[in-house]
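# Inside the fold
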Amino acid sequence: MTQAVNHVALLPLYAAAGTALLVLVADLAFARFQVLAGILGSIGTAVCALAVPGRPSTFCSGDLCSWITTPRAALTTVIFAALTAGVLALSTPALRMGLAPRGEFSFLLTCSMTGGVVVAYAGDLITLIVGLETLTLPLYVLVGLRRVRGSRAGTSAAVTFFLVSVVSTAVALLGAALLYAATGALHLSALTVGSGEFRSLAAVGAAMVVVGFAFKVAAVPLHAWAPATYDGAPVPVAAYLSTASKLGGVLALAAVVQRLDTGPLVAVLAVLTMTVGNLVALRQTRMVRLLAWSSVAQAGYIIAPLAAGAVGIDAALAYAVFFVALEFLAFSVITAFRAPGTDGGDLDDYRGAGRRNRWLAAAFVLAVAGLAGLPPGLAGLFAKVAIVQSLISANWGWLAGVVAINAVIALAYYVRAAALLYTAPDPVGVHLTGPVQAGPVAVADPDLLRAATHPRIAVARPVAAAIAVAAVVTVVLGFAPQAIFDFLNG
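Keep in mind the model is a prediction, meaning the values are calculated, not measured.

Let's shift gears to the overall build of the protein chain. Assigned secondary structure in the protein chain consists of 18 helices and two strands. Whereas a compact globule of 490 residues would reach a radius of gyration of roughly 23 Å, the protein chain reaches 23 Å, a difference of no more than 12%. The principal-axis extent of the C-alpha atoms belonging to the protein chain is close to 90 × 60 × 40 Å. The buried share of the protein chain, taken over its 490 residues, is 56%. Nonlocal contacts in the protein chain, meaning residues at least 24 apart in sequence, comprise 78% of its contacts between residues at least 6 apart. For the protein chain, the accessible area works out to roughly 19700 Å², and carbon and sulfur atoms hold 67% of it. Both charge centroids of the protein chain, one from 26 positive and one from 18 negative side chains, sit 7 Å from each other.

The structure is reproduced here in structure tokens:
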């Protein structure tokens, strides 16, 4: 029996969609308040997610519901809202300089946030896929919004992202259709591979759904779009792609693997993803591409416990939360180091950057140390321990061993990226006032040389605020990681 619509349960969706409309109205009626409207609306969306009393559900037919309120949904909605506000803050300098249209940028980003909210609360496959597409579609345009004369990197990245995404969505939809044909069920709580003559058909459908969703987390072999797209997009958009888009994919995978027997497939995807990501990252010479391949490897860590089914869900989602905080912090620091509108640059561009702003360098070290699972990044260390522990307890010890080996491999490029910030810069070619000599300039005062060759980096206030908040959240999660598990379990 169909129940009446519960509008209280839909408050987070109303707030997110209302934010997109508010930004659109602000763009039409005012000249400078689009970003502020987006940030305030994102905060309002997070508040609504936390304020919904109880666990109301809606769009129900009997015990099967298409919109389900859970602590997990509330937490991930808060994360989507925080990421939206953070990316808007990071983009403020570029938007002020006219490097991207304020209204369109803010509207598309808040529309993507709305899709993330739908994914968080989805109770059936169709709602889940619609939410993923709403999360992803605006990103095609955002990737190509970087206005750099003579550069087509953004356009090329957007087209690559779009084409691969269309194929993955088609695969997921076909898988959902096969599941429905074999079992007659689309609600997540009723998903099963079934038995009898249609079991093989349901198994194929389940595999196709998992493969389609694996694109969102850039899992191998559906990973090739990520490095080119991240490097071609504006750095703040790359930050959103590597965090919000990946979080949406993890939520989708977690929703289906706990009901479907896809453990071997997920395990193969996890091993390939973490191994390929780490090995290719070792050879990267560009900062954003290094982080892109790093995020591919991190996706392997995240989906590894999903091979164990329902027992690995909490570990995977907790790792995803820690990863999102650390990854956003890393991209935020890159945004601060680079001039508005430029790409992430080569690794050598960051040589000695720690001498230009020690606080930015410290924040970057905190981020990459956490991604590597080393102190002082305690959040990342705890996340990897939780992953390994969950796999061992579920009798997937060999997969836990692969995770541990890959974590050691990743140390090489994380340490290299952090060490470059404190490597002495090359003084050759620097011209200072004073006697001219053949070859490198000899300067008696090393402080004078440092000041002349590497002036201090000034950080815009919105960017500094985003970095400060991300750093504080990372530190808090490192000292109180159990709070995430407690929240996920209600």
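On to the confidence of the model for the protein chain. Residue-level pLDDT values for the protein chain average 85, and 90% of them are 70 or greater. Across residues 428-452 the pLDDT falls below 50, and counting only partners more than four positions away or on other chains, this stretch makes twelve contacts in the model.

The next thing to look at is unusual backbone geometry. A cis amide bond, omega 10°, links Val220 with the succeeding residue Pro221. Structurally, Pro221 can be placed in the loop between α7 (199-214) and α8 (225-232). Look at the link from Pro375 to Pro376: it is a cis peptide, with omega at 5°. With respect to the element layout, Pro376 can be found in the loop between α13 (358-372) and α14 (378-393). Even without glycine at this site, Phe59 takes up a positive phi of about 55°. Along the chain, Phe59 turns up in strand β1 (residues 57-61).

Taken N-terminus to C-terminus, the directions of α13 and helix α17 (residues 461-479) make an angle of 40°; their axes are 11 Å apart at the nearest point. On the basis of the axis angle, α13 is oblique to α17. In the crossing of α13 with α17, the sense of the turn from one axis to the other is left-handed. On the side of α13, the interface is formed by Leu360, Ala363 and Leu366, while α17 contributes Ile467, Ala471, Thr474 and Val475.

Take the pairing of strand β2 (residues 64-68) next. When β1 meets β2, the two strands line up antiparallel, connected through four bridges. Bridging across to β2, Thr58 finds its partner in Trp67. Between β1 and the antiparallel strand that follows it, β2, lie two residues; Gly62 among them carries a positive phi value of about 70°.

One can describe the packing of helix α11 (residues 287-303) onto helix α15 (residues 397-420) by two numbers: an axis separation of 11 Å at closest approach and a directional angle of 160°. One finds that α11 runs roughly antiparallel with respect to α15. Considering how the two elements wind past one another, α11 and α15 form a crossing that is left-handed. Contacts between α11 and α15 pair Leu290, Ser294, Ala297, Gln298 and Tyr301 from the former with Val403, Asn406, Ala407, Ala410, Tyr413, Tyr414 and Arg416 from the latter. For the contact of α11 with α15, the per-class residue count stands at eight nonpolar, three polar and one charged.

A full pass over the atoms with the stated rule returns one disulfide. With a sulfur-sulfur separation of 1.9 Å, Cys60 is cross-linked through a disulfide to Cys65. The sign of the S-S torsion, about 105°, decides the handedness of the disulfide formed by Cys60 and Cys65: right-handed. Given the relative accessible area of 4%, Cys60 is considered buried. Looking at Cys48, it has no disulfide partner, and the nearest cysteine sulfur is the one in Cys111, 17 Å off. Using a relative accessible area of 22% as the deciding quantity, one classes Cys48 as partly exposed. Relative accessible area serves as the criterion here: at 18%, Cys111 is assigned to the buried category.

Take helix α5 (residues 125-143) next. For α5, built from 19 residues, the straight-helix expectation of 27 Å at 1.5 Å per residue is met to within 8% by its first-to-last C-alpha distance of 27 Å. A large share of α5 lies buried, amounting to 14 of its 19 residues. The opening residue of α5 is Asp124, an N-cap whose side-chain oxygen sits 3.0 Å from the backbone nitrogen of Ile126.

Let's shift gears to a nonpolar patch on the surface. Together, Phe30, Phe33, Leu36, Leu40, Ile43 and Val47 line one region of the surface with nonpolar side chains, adding up to about 590 Å² of accessible area. Secondary-structure assignment places Leu40 in helix α2 (residues 34-51). For Leu40, a relative accessible area of 52% translates into the label exposed.

By secondary structure assignment, the location of Ser112 is in helix α4 (residues 102-121). For Ser112, a relative accessible area of 0% corresponds to the buried category.

Now for the packing of aromatic side chains. A full pass over the atoms with the stated rule returns 13 aromatic pairs. On the numbers, 5.0 Å between centres and 40° between planes, the contact of Phe215 with Trp225 is tilted. Here Phe215, found in the loop between α7 and α8, pairs with Trp225, found in helix α8; they are ten residues apart in sequence, far enough to count as distant. Neither residue differs from the other here; Phe215 and Trp225 are each classed as buried. When the ring of Tyr301 is compared with that of Tyr319, the centres are 6.2 Å apart and the planes differ by 65°; the resulting orientation is edge-to-face. With Tyr301 in helix α11 and Tyr319 in helix α12 (residues 313-337), this residue pair connects regions lying 18 residues apart in the sequence. In this structure, Tyr301 and Tyr319 share a single accessibility class: buried.

Cut-offs used in this document
Residues numbered from 1 in each chain as written. Predicted model: local features only at pLDDT ≥ 70, side-chain atom pairs only at ≥ 80, totals over all residues. Heavy atoms only, no water. Helix = DSSP H or I, 4+ residues; strand = E, 2+ residues; numbered from the N terminus. Rg over C-alpha atoms; globule rule 2.2 N^0.38 Å. Buried < 20%, exposed > 50% of the residue type's maximum accessible area, 1.4 Å probe, protein only. Contact = heavy atoms within 4.5 Å. Areas by Shrake-Rupley, 256 points an atom, 1.4 Å probe, with all protein chains shown as cover. Lys, Arg positive; Asp, Glu negative; His and termini not counted. Charge placed at Lys NZ, Arg CZ, Asp CG, Glu CD. pLDDT = per-residue confidence, 0-100. Axes fitted to C-alpha atoms, helices over the stretch in contact; angles between N-to-C directions. Parallel < 35°, antiparallel > 145°, perpendicular 65-115°, else oblique. Left-handed = near helix turned anticlockwise from the far one by under 90°. Pairing = 2+ DSSP bridges. Nonpolar A, V, L, I, M, F, W, Y, C, P; charged D, E, K, R; others polar. Disulfide = S-S within 2.5 Å. Expected span 1.5 Å × (residues − 1). Polar contact = N/O pair within 3.5 Å; in protein donor to acceptor, adjacent residues only side chain to side chain. Patch = residues over 30% accessible without salt bridge, like charges linked within 9 Å, V, L, I, M, F, W, Y side chains within 5 Å. Salt bridge = Lys/Arg side-chain N within 4 Å of Asp/Glu carboxyl O. Phe/Tyr/Trp six-rings, centres within 6.5 Å; stacked < 30°, edge-to-face > 60°.

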